[in-house]
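What follows is the residue order along each chain.
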Amino acid sequence: MLSGVFIFFSCDKVDPPYMNETDVSDCPVPGFPDVTNPQKTLLIEEFTAHKCIYCPTGSYYLNQIKSQPYGNKVIVLSIHASGLADPEAGNYNLDLRPDTHGEELYTYFAIPSEPRASFNREKLDGTTVFYSSPATWQAKAEQVLTESPVMTLQLINNYDSATRKLCAHVKVKFLTANSQNLKMALFIAEDRIIGYQMNNNTSVGPTPDIPDYVFMDVMRDEFVGTFGETLVSGNVAQDSSIIRSYKKILDPAWNAKHCKIAAYVYDTDTDEVLQAVEEKVY
Amino acid sequence: MKNRYSFLIIVLIVGILGSIECRAQGVENFFKNSQISGNFQFDGMYYNHDSVIGAPEVPEKVLMNAFANINYNNGPFSAGLRFENYLHALQGFDPRYKGIGIPYRFASFEKCKFGITVGNSYDQFGSGLIYRAWQDANLGYDNSLDGIHVRVTPVTGLTIKGIWGQQRFYFDKGPGIVRGGDAEINFNDLFTRLHEKPFRFGIGGSFVSKYQDAADPVYKLPKNVAAYSGRGTISYKNFMINGEYAHKINDPSAMNNRIYKPGNATLLQLTYTRKGLGMYLAAIRTDNMSYKSDRDADGNDLNINYIPSLAKQTTYCLPAVYTYATQPNGEFGFQAQGIYTFKRKTKLGGKYGTTISLAYSRYNAIDKEKIDAVTPLDSTGTLGYKSDFFSMGKEVYYENLNFEFSKKFSKTFKLIVDYFYILYNSKIIEGHDVSDIYSHTLLADMTFNINEKHSIRSEIQHMYTKQGEGSWAFGLVEYTIAPRWYFSVSDQYNYGNPDSGKRIHYYNIAASYVFCSSRVSLSYGRQRAGIMCVGGVCRYVPAANGLTLSISTSF
């Protein structure tokens, strides 16, 4: 009888993902092409929520920024967080929250309300990282894009649709000598998710609900934690380079065709993002 | 070497117990209660290279399988061993059966409601859907559990069993550990007032878990994989219905392309019997139910469970060409069978009675749906597929319709006539990339008793098919001089092979001599390539040409 009790508990139920994501031995590193014209890329992190009536206006201005000639140097990560992002029965049953990572960032940056956006997490006014007033965002984006890059960041994705295994390889090359403590973070985002969005701005859509709202740049999950992993601590010589590989099994609920990976390097002392890169999954 | 030690240990145990017994009861009583029994079988073949049938050159020229069981019994104590010898194994048997050893040995003690076996044991829980350890020498199959086996009957009607050990793997053991328990209650035996009731019922439940270490760099593998089952039996007068449901948790393995979907199996059987009439209905559904103690094993290696076959089995050689092998990864099968004997001295029964039987069985794939829009079916490292329990897949694996007529016309003549229609999905069952095979076989089996000692039995079989190797004809004549001599001549002729160069005769002549409890057989001829199955478990038999000597005896 006692042995029966022992045996009864002798089972290991494995929850997805079924692959070991920390082991990248099955992710052969590809060759990276040379970067001939290094440019600074802007990462805009936007806090938003589907029950936030002001948020469609924020997204409208972000689309305006991405439609500019420099739009290819702009990466947006829309982070659905706070109680306004909680799904509920009925029209607002979509859960666009990136697990707990959105809430962690929301708390860390002490976001008072949505929409809020940061521009490489730079304190453009000397004190604030995340800004309200979407109409002012484009000017802030253009201000950041005038800066020179201190590193290049390249990203190559290899995706196996049969297993939904994604190998993401990132190469960092320092264009100048570095003395900062740096971390690198990677996130997966998904475009073209259709659902209900609350709205109070008739110029961007029907009010009070936009039933077929197209959510873009929705942060889904992280690769190496909410705050990334250490890239370097202290001095690094000019022209040094680092290659890192990561693996993730894409959630079957995500449309891999609409997914993309965003990687960025930031200063752990100031939180400022120094460089960012984004590539589609395939 | 390890097996030699095992043998010595057994002898030592027997000796020690024997000496204890000797002191307690005296030498005379000890030997008086002792019984030794056993059997021996030898099969050897001299192989001729025969390029016509594709029989390969055999470097050793002669190959052999031999084994001997030796069992000792003394009241509640028994012990035994099996000596096996493969130098080298006959073609068609796994070459890992190589060498000499004692891979099976046990000691058992049964007293005061406890039965304990240490060493190798065979047993099954319920229908075997989650645990069956068994052996068939002709099939080259042996998954005995080496460890402990405990059986307790605390009260009449309640039986509890426990197992814990490792499975036999040729002359070694599998890497996994198998633990399990089973409890069965027969209510009519448990309660005195139900003893004589026509309504009888019982229930049972089993739990098995296997452990295998895992250090896979790519996949998160479960080290402990559990399976459980529940079963019930109800009978009333001539009717009996029984069923069992089994469930297995995620078990990514070489057999299922390393998918993580849980498995399940359901077996339902209904029987009705009365004098002269028997009816049987059964259905089985298995879904990802291969359960082995090594996740990397394939074929018949290290099966913990057993999936029973509902396909009609026959010993006649031509319809047996297309025998169903169960598909543990998924199958939906059913069988309906009826047998009726017309009474003697009636118009249809005649002087000695007439028996007719009709059997139909069919196996389909299970329904499989993709887990999402983009992931292909059975993709490694995923749930593999979704399957609606009550939906049958469209692909037919096997279909068998059999009608049999059996009648003894006189004291000297008996006739059996059989018709088989078989649909055989060779791609699924054998992995051959060929179209489905539809065959029709008609055969007659005639026995002429010349006198009390002399008889002649003859088989005439014809199988018509346009697919596979085409049509076959078979003829056999056996002459028996009871009780010692037996002679036979037979020929299988693949006259309908689409390739005229392969229209080959597979002739065979054989003779046997029986004396005491021994039998010596000698045969010469060709053996066609195919699969040989026992209860849905099959092995491939390659083409061969040569002289075969078989010796079997028991004591």
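Residues numbered from 1 in each chain as written. Chains lettered and ligands numbered in written order. Predicted model: local features only at pLDDT ≥ 70, side-chain atom pairs only at ≥ 80, totals over all residues.

When you go through chain B residue by residue, the secondary structure sums to four helices and 31 strands. Against the compact-globule benchmark of 24 Å for 555 residues, chain B has a radius of gyration of 26 Å, which places it among compact chains. Residue burial in chain B is summarised as follows: out of 555 residues, 33% are buried. Looking at chain B alone, contacts between residues at least 24 apart form 57% of all its contacts between residues at least 6 apart. (Helix = DSSP H or I, 4+ residues; strand = E, 2+ residues; numbered from the N terminus. Rg over C-alpha atoms; globule rule 2.2 N^0.38 Å. Buried ≥ 20, exposed ≤ 12 C-beta atoms within 10 Å, placed from the backbone. Contact = placed C-beta atoms within 7 Å.)

Here the focus is the overall build of chain A. Scanning chain A from terminus to terminus reveals four helices and 14 strands. Counting only C-alpha atoms and orienting by the principal axes, one finds that chain A spans roughly 70 × 55 × 35 Å. The proportion of buried residues among the 282 residues of chain A is 40%. Restricting to contacts in chain A with at least 6 residues of sequence separation, those with at least 24 account for 74%.

Okay, the interface of chain B and chain A next. The interface of chain B with chain A comprises 28 residues on the first partner and 21 residues on the second. Contributions of two or more residues to the side of chain B that touches chain A are made by β13 (177–186), β14 (199–211) and β15 (224–236) of chain B. When its residues are assigned to classes, the side of chain B that touches chain A shows 13 nonpolar, 11 polar and four charged. (Nonpolar A, V, L, I, M, F, W, Y, C, P; charged D, E, K, R; others polar.)

Further remarks concern helix α4 (residues 137–145) of chain A. All names here are of chain A. The set of residues buried in α4 consists of W137, K140, A141 and V144. All buried residues of α4 project into a common sector of 100° when viewed along the axis, lining one side. Where α4 is buried, its residues meet β1 (42–48), α2 (55–66), β2 (74–80), β3 (116–119) and β4 (130–131). (Arc of directions from axis to C-beta.)

Our next topic: the sheet that holds strand β5 (residues 151–160) of chain A. Residues and elements named next belong to chain A. Read from one edge to the other, the open sheet built from three strands follows the order β5-β6-β12, with strand pairing classed as antiparallel. Edge positions in the sheet fall to β5 and β12 (241–249), since each has one partner strand and no second. Neighbouring strand axes in the sheet, compared pairwise and without regard to direction, differ in orientation by 15° on average. In this structure, β5 lies alongside strand β6 (residues 165–174), joined through 10 bridges in antiparallel fashion. Looking across to β6, one finds that L155 is bridged to V170. (Pairing = 2+ DSSP bridges. Axes fitted to C-alpha atoms, helices over the stretch in contact; angles between N-to-C directions.)

One broad trend across soluble globular proteins is that nonpolar side chains are buried collectively. Within the largest apolar cluster, 64 residues are counted, with the highest numbers of intra-cluster contacts made by A:I44, A:A263 and A:V265. Not counting the four nearest positions on each side in its chain, A:V265 is found in contact with A:M151, A:L153, A:V172, A:L182, A:M184, A:L231, A:L274 and A:Q275. Within the second largest apolar cluster, 49 residues are counted, among which are B:L129, B:V208, B:V225 and B:M463. (Core = buried A, V, L, I, M, F, W, Y, C linked by C-beta atoms within 7 Å.)

Glancing now at the pairing of β13(B). All names here are of chain B. Pairing of strand β11 (residues 158–169) with β13 involves eight bridges; the strand directions are antiparallel. Counted as the bridge partner of I160 is A183 from β13. By the bridge criterion, 10 bridges tie β13 to β14 in an arrangement that is antiparallel. Bridging from a neighbouring strand, E184 pairs with G204 of β14.

Below, the discussion takes up the domain arrangement of chain B. All names here are of chain B. When the domains of chain B are assigned, the result is domain 1 (1–107) and domain 2 (112–253). A per-element tally of the side of domain 1 that touches domain 2 places strand β4 (residues 99–111) first, with seven residues. Taken together, the residues of the side of domain 1 that touches domain 2 break down into seven nonpolar, three polar and three charged. (Domains from an automatic or database assignment.)

Our focus in this paragraph is the environment of A:N93. Residues and elements named next belong to chain A. For N93, the location among the structural elements is in the loop between β2 and α3 (101–108). The exposure class assigned to N93 is exposed, which follows from the 11 C-beta atoms found within 10 Å. As a C-alpha pair, N93 and Y196 span 103 residues in sequence and 8.6 Å in three-dimensional space. Setting aside residues no more than four positions away along its own chain, N93 makes contact with P87 and E88.

Bringing unusual backbone geometry into the picture now. A cis geometry characterises the amide bond from A:E114 onward to A:P115, with omega recorded as -5°. Looking at the element boundaries, A:P115 is found in the loop between α3 and β3. With an omega of 0°, the peptide bond running from A:T207 to A:P208 counts as cis. At A:R164, a residue that is not glycine, the phi angle is positive and equals roughly 60°. Positive phi, close to 70°, is recorded for B:K113, a residue that is not glycine. Within the fold, B:K113 resides in the loop between β4 and β5 (114–121).

All right, on to the environment of B:K248 then. All names here are of chain B. Among the structural elements, K248 can be located in strand β16 (residues 239–248). In this structure the C-alpha to C-alpha distance between K248 and F207, which are 41 residues apart in sequence, comes to 9.8 Å. Dropping the residues within four chain positions of it, K248 is found in contact with V225, A227, P262, G263, N264, M289 and Y291.

To continue, consider α2(A). Here α2(A) spans 17 Å end to end across 12 residues, near enough to the 16 Å set by a 1.5 Å rise per residue. Next to the buried residues of α2(A) lie β1, β2, β3, α4, β8 (193–198) and β9 (209–215) of chain A. (Expected span 1.5 Å × (residues − 1).)

Helices that pack against each other are described as a pair by the angle of their axes relative to one another and the distance between those axes. Residue and element names in this part refer to chain A. Interaxial distance between α2 and α4 falls to 9 Å at its minimum, and their mutual angle equals 40°. As α2 packs across α4, the resulting crossing turns out to be right-handed. Residues Y61, Q64 and I65 of α2 touch α4, and the partners they reach there are W137, Q138 and A141. A class-by-class count of the residues in the contact of α2 with α4 yields four nonpolar, two polar and no charged. (Left-handed = near helix turned anticlockwise from the far one by under 90°.)

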